[in-house]
Amino acid sequence: MKTDPIHARLDWLLAAARDPMLVCDAAGVIVRTNMPLATLFGWPLDALVGAPVEILVPPAARGRHAALRGNAGHPRAMGNGSFVAVDQAGHEFPVEISLTPLETAEGRLTLATVHDLRARMSAEQALRDSEARMRAVFETAADGIITIDEHGLIERVNPAAERMFGYLEAEIAGRNVSAPAGFGAPTGADRSTEERTTRRSKAGRAVRFPERAPGTGPAPAAFGAPDGAPGDVPRRT
């Protein structure tokens, strides 16, 4: 009996792949796998071949998973971060699984590529935590903070800066920080240092801030108290 050439190609693919991969038959039995998958799940390679694919699924979800296997008739992604796998030690972890159906002379097979999402989800959570801390600093800082983009347009104004200038963020967001429409600052290359580093509040008070060095990128500017008030020397963060 002539062997279907797809099996030789699968053997080559699984041996060469760095991603965890397995092949199961229509009954959900693992017929091929590779070392990256065995390592990921903590199983000996030969212990997986011949086992039901549900061995990699948490016990509580195995019945539902077996029922869903019949819907794998076309290439698709499974999980998107919500699918949970389980290793030999019983530790559950989030995965995304790409499924590809394969038609062979012996029947349909399914090639599954497993993507471990733990590192990515940990990095995303760390980024969310960092952004939350930055928002808390921005919102509660005693100094006025204004962020601008590379074109000098105002992006964010914190509550302290709103109180200092008398403008709500919605009133000045999108304006150029150097333009008269921004904070009443003179424009033009011949402006004095005082003119370049002074903005007017809505009530007409002068508020000074440090001049940015030429060529520096956008950054938040921290403003101290208005002229004549304690702590008049502003700080740049």
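I will try to describe carefully the structure that is included in this document. (Residues numbered from 1 in each chain as written. Predicted model: local features only at pLDDT ≥ 70, side-chain atom pairs only at ≥ 80, totals over all residues. Heavy atoms only, no water.)

### Description of the pattern of salt bridges
Two side chains with opposite charge may pair up if their charged atoms get near one another. Formally: Salt bridge, as applied in this entry: a Lys or Arg side-chain nitrogen positioned within 4 Å of an Asp or Glu carboxyl oxygen. Starting at the N terminus, helices and strands are each numbered in turn, a helix being any DSSP run of H or I of at least four residues and a strand any DSSP run of E of at least two. Three exposure classes are used, based on accessible area relative to the maximum for each residue type with a 1.4 Å probe and protein chains only: buried under 20%, partly exposed in between, and exposed over 50%.
Summed over all chains, the structure comprises six salt bridges. The salt bridge partner of arginine 32 is aspartate 11, with a shortest N-O separation of 2.6 Å. Placement of the pair is arginine 32 in strand 2 (residues 30-33) and aspartate 11 in helix 1 (residues 5-16), with a sequence separation of 21 residues. The partly exposed category is assigned to aspartate 11, whose relative accessible area is 40%. Arginine 156 is the partner of glutamate 139 in a salt bridge, and the nearest nitrogen-oxygen pair spans 3.2 Å. With glutamate 139 in helix 5 (residues 118-140) and arginine 156 in strand 7 (residues 154-157), this pair connects stretches of sequence that are 17 residues apart. Residue classification places glutamate 139 among the partly exposed positions, given a relative accessible area of 38%. On the accessibility criterion, arginine 156 (35% relative accessible area) is partly exposed.

### So, the pairing of strand 1 (residues 21-25)
Note the threshold: The pairing criterion for strands is at least two bridges between them, as found by DSSP.
Most of strand 1 sits inside the fold, with four of its five residues counted as buried. Where strand 1 lies against strand 5 (residues 107-116), five bridges are found, and the strand directions are antiparallel. Residue pairing across strands places valine 23 opposite leucine 111, the latter belonging to strand 5. Count of turn residues in the strand 1/strand 2 antiparallel hairpin: four residues, of which glycine 28 carries a positive phi of about 85 degrees.

### Description of the environment of aspartate 116
In plain terms, the rule: By definition, residues are in contact when any of their heavy atoms lie within 4.5 Å.
Assignment of secondary structure puts aspartate 116 in strand 5. The partly exposed category is assigned to aspartate 116, whose relative accessible area is 31%. The sequence separation of aspartate 116 and glutamate 96 amounts to 20 residues, and the corresponding C-alpha distance is 6.8 Å. Among all residues touching aspartate 116, those that are not within four sequence positions of it are Leu40, Phe93, Pro94 and Val95.

### Quick look at the pairing of strand 7
For strand 6 (residues 144-148) and strand 7, the ladder comprises three bridges, and the chain directions are antiparallel. By the bridge assignment, threonine 147 is partnered in strand 7 with arginine 156. Once strand 6 ends, the chain turns through five residues before running back antiparallel as strand 7, passing glycine 152 with a positive phi of about 80 degrees.

### A look at the environment of aspartate 149
So the rule is basically this: Between N or O atoms, a polar contact is any pair within 3.5 Å; within protein, one atom must be a potential hydrogen donor and the other a potential acceptor, and residues adjacent in sequence are included only when both atoms are from side chains.
For aspartate 149, the position within the fold is in the loop between strand 6 and strand 7. With 25 residues separating them in the primary sequence, aspartate 149 and glycine 174 have C-alpha atoms 9.4 Å apart. For aspartate 149, the side chain forms a polar contact with the main-chain nitrogen of histidine 151, separated by 2.8 Å.

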